Amino acid sequence: EKDGHDWFMRKEIFEQPRAVADSLLGRMSPEGLLQLDEVRLSDDELREIDKIIIIACGTSFYAGMVAKYAIEHWCRIPVEVELASEFRYRDPILNYSTLVVAISQSGETADTLQAIRHARVQRSKVLAICNTNGSTIPRESDAVIYTHAGPEIGVASTKGFLTQLVACYLLALYLAQVKGTRYGDEVHQVVRQLEAVPAQIQDVLDRAEDVYALAREYVDASSVLFLGRHAGYPVALEGALKLKELAYLHAEGFAAGELKHGPIALVDDGLPVLCIVPSRGRDHLHDKMVSGIQEVRARGARTICLAEVGDTAIEPYADVLFRLPKVPTLLQPLVATVPLQLFACELATAKGHDVDQPRNLAKSVTVE
Ligand code: F6R
């Protein structure tokens, strides 16, 4: 049942090329138009939307953060991303032209469910991104995009997260097409890039042993930091969450530009810092990230860098370098998350923890 793997989580990490491919399947018409038939909102209704609020918890919340970058860039619609547990209690401004997007792998998370109920009372439209057919959240939503990850058994979300990202990109592209923004014409091209991703994830998985060897060096670490920028920032947060929940290890993710505003004081001799380096396509971001890495290294950090193939600028500042396939920065979370999942899974295994059933955690959180 675990396909020869020791944990469901590891099996699910290795299923990601298939899960991503399945989540893309049949979304493109022969004319090059994106088709999301589960979006039961008319094009006119979608054109009316002037604000999007994404609500989710935990790992799904990080998928929402990536979605904000994609939707604002491609669709020019303002997006807020909010933790479902906070959303209802701040008296959010909602109306019929607000689209609320609820992201939930299980479709049963109580905080997210209560948040969409609140939104619907205020006459907002709700679209769910969900992996579980017929679960409560999609049943109570106006529209659904189902991810096709297949059942996720491991408590820590892995393939659920990657397929949520795919759904978010598709939603963003769909809205761009409906609204007719200039990116509407590039949909075809981005879909092509997405279709190349499963093989690129496989390329990362083929080098899992390198990540495992690295992870085992840190069984006695007391803290690990993760740095990212732009779409790499939620990846840093996700990498840190995985380490906390599986290895019970203190870990924090930061936006690299925030370092100098406080967190750099944490950096001490030998502190492992995992850095997600943006692709070279966005040189301004890339160069800022490299200088952030330089700064932590000068203060004694051990820099473990995830950077795309051919990025030579990073070499002098990386104590350890793991190569990522070439993917635009906006899509990079699809490949950059994978080594961080492998890292947390192996580190927790080396510490003797039950990776599939971490202490104090449940697969679906049905209480608020
Ligand atoms: C972390 C994890 C959790 C869930 C969160 C939301 O690995 O699995 O943080 O992402 O509890 O769950 P869903 O997506 O089912 O609403």
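Residues numbered from 1 in each chain as written. Predicted model: local features only at pLDDT ≥ 70, side-chain atom pairs only at ≥ 80, totals over all residues. Heavy atoms only, no water.

(A) Fine view of the overall build of the protein chain. When its secondary structure is counted, the protein chain shows 13 helices and 10 strands. Taking 368 residues into account, the globule formula puts the C-alpha radius of gyration at 21 Å, and the protein chain, at 20 Å, falls close to it. Considered along the principal axes of its C-alpha atoms, the protein chain spans approximately 55 × 40 × 40 Å. Carbon together with sulfur atoms contributes 49% to the accessible area of the protein chain, which is approximately 14,300 Å² in total. Taken together, the 38 basic and 50 acidic charged side chains of the protein chain have centroids lying 3 Å from each other. (Helix = DSSP H or I, 4+ residues; strand = E, 2+ residues; numbered from the N terminus. Rg over C-alpha atoms; globule rule 2.2 N^0.38 Å. Areas by Shrake-Rupley, 256 points an atom, 1.4 Å probe, with all protein chains shown as cover. Lys, Arg positive; Asp, Glu negative; His and termini not counted. Charge placed at Lys NZ, Arg CZ, Asp CG, Glu CD.)

(B) Examining the pattern of salt bridges more closely. With the rule as written, the count across this model stands at 24 salt bridges. Linking Arg-88 and Glu-368 is a salt bridge whose minimum nitrogen-to-oxygen distance equals 2.7 Å. Of the two residues, Arg-88 sits in the loop between helix H5 (84-87) and strand S3 (98-104) while Glu-368 sits in the segment after helix H13 (333-350), which places them 280 residues apart along the sequence. For Arg-88, a relative accessible area of 25% translates into the label partly exposed. Since its relative accessible area comes to 54%, Glu-368 is described here as exposed. (Salt bridge = Lys/Arg side-chain N within 4 Å of Asp/Glu carboxyl O. Buried < 20%, exposed > 50% of the residue type's maximum accessible area, 1.4 Å probe, protein only.)

(C) Spatial organisation of the site of the ligand. What surrounds the ligand is a group of 14 residues, the closest being Ser-60, Ser-104, Ser-106, Thr-109 and Glu-245. For the ligand, an oxygen atom lies 2.7 Å from a polar atom in the side chain of Ser-106. Contact with the protein chains hides 88% of the accessible area of the ligand, taken as 410 Å² for the molecule alone. Put simply, the parts of the chain that give the shell around the ligand at least two residues each are helix H4 (58-75) and helix H11 (232-247). For the shell around the ligand, the element with the highest residue contribution is H4, accounting for 3 residues. Of the residues belonging to the shell around the ligand, the class tally is 3 nonpolar, 9 polar and 2 charged. (Near = heavy atom within 4 Å. Polar contact = N/O pair within 3.5 Å; in protein donor to acceptor, adjacent residues only side chain to side chain. Nonpolar A, V, L, I, M, F, W, Y, C, P; charged D, E, K, R; others polar.)

(D) Representation of the packing of aromatic side chains. Taken as a whole and judged by the stated rule, the model has 3 aromatic pairs. Consider the rings of Phe-61 and Tyr-62, whose centres lie 6.0 Å apart with planes at 65 degrees: the pair is edge-to-face. We note Arg-10 situated over the ring of Tyr-212; from NZ or CZ to the ring centre the distance is 4.9 Å. Taking the ring centre of Phe-322 as reference, the NZ or CZ of Arg-207 above it sits at 4.5 Å. (Phe/Tyr/Trp six-rings, centres within 6.5 Å; stacked < 30°, edge-to-face > 60°. Lys NZ or Arg CZ within 6 Å of the ring centre and 35° of its normal.)

(E) The packing of helix H10 (residues 208-216) against H13, seen in detail. Where H10 meets H13, the closest approach of the two axes is 8 Å, and the angle between their N-to-C directions is 50 degrees. Taken together, the axes of H10 and H13 lie oblique to each other. Two packed elements cross with a definite hand, and for H10 against H13 that hand is right-handed. Every residue of H13 that contacts H10 at Ala-208, Val-211, Tyr-212, Leu-214, Ala-215 and Arg-216 is listed here: Pro-339, Leu-342, Phe-343, Glu-346, Leu-347 and Ala-350. Residues of the contact of H10 with H13, tallied by class, amount to 10 nonpolar, no polar and 2 charged. (Axes fitted to C-alpha atoms, helices over the stretch in contact; angles between N-to-C directions. Parallel < 35°, antiparallel > 145°, perpendicular 65-115°, else oblique. Left-handed = near helix turned anticlockwise from the far one by under 90°. Contact = heavy atoms within 4.5 Å.)

(F) Quick look at the sheet that holds S3. Ordered in space as S2-S1-S3-S4-S5, the 5 strands form an open sheet in which the pairing is parallel. If you trace the sheet from one side to the other, it starts and ends with strand S2 (79-83) and strand S5 (143-146), each paired once. Here the strands of the sheet are splayed against their neighbours by 20 degrees on average, with no regard to which way each runs. In terms of strand pairing, strand S4 (residues 125-130) meets S5 through 4 bridges, oriented parallel. (Pairing = 2+ DSSP bridges.)

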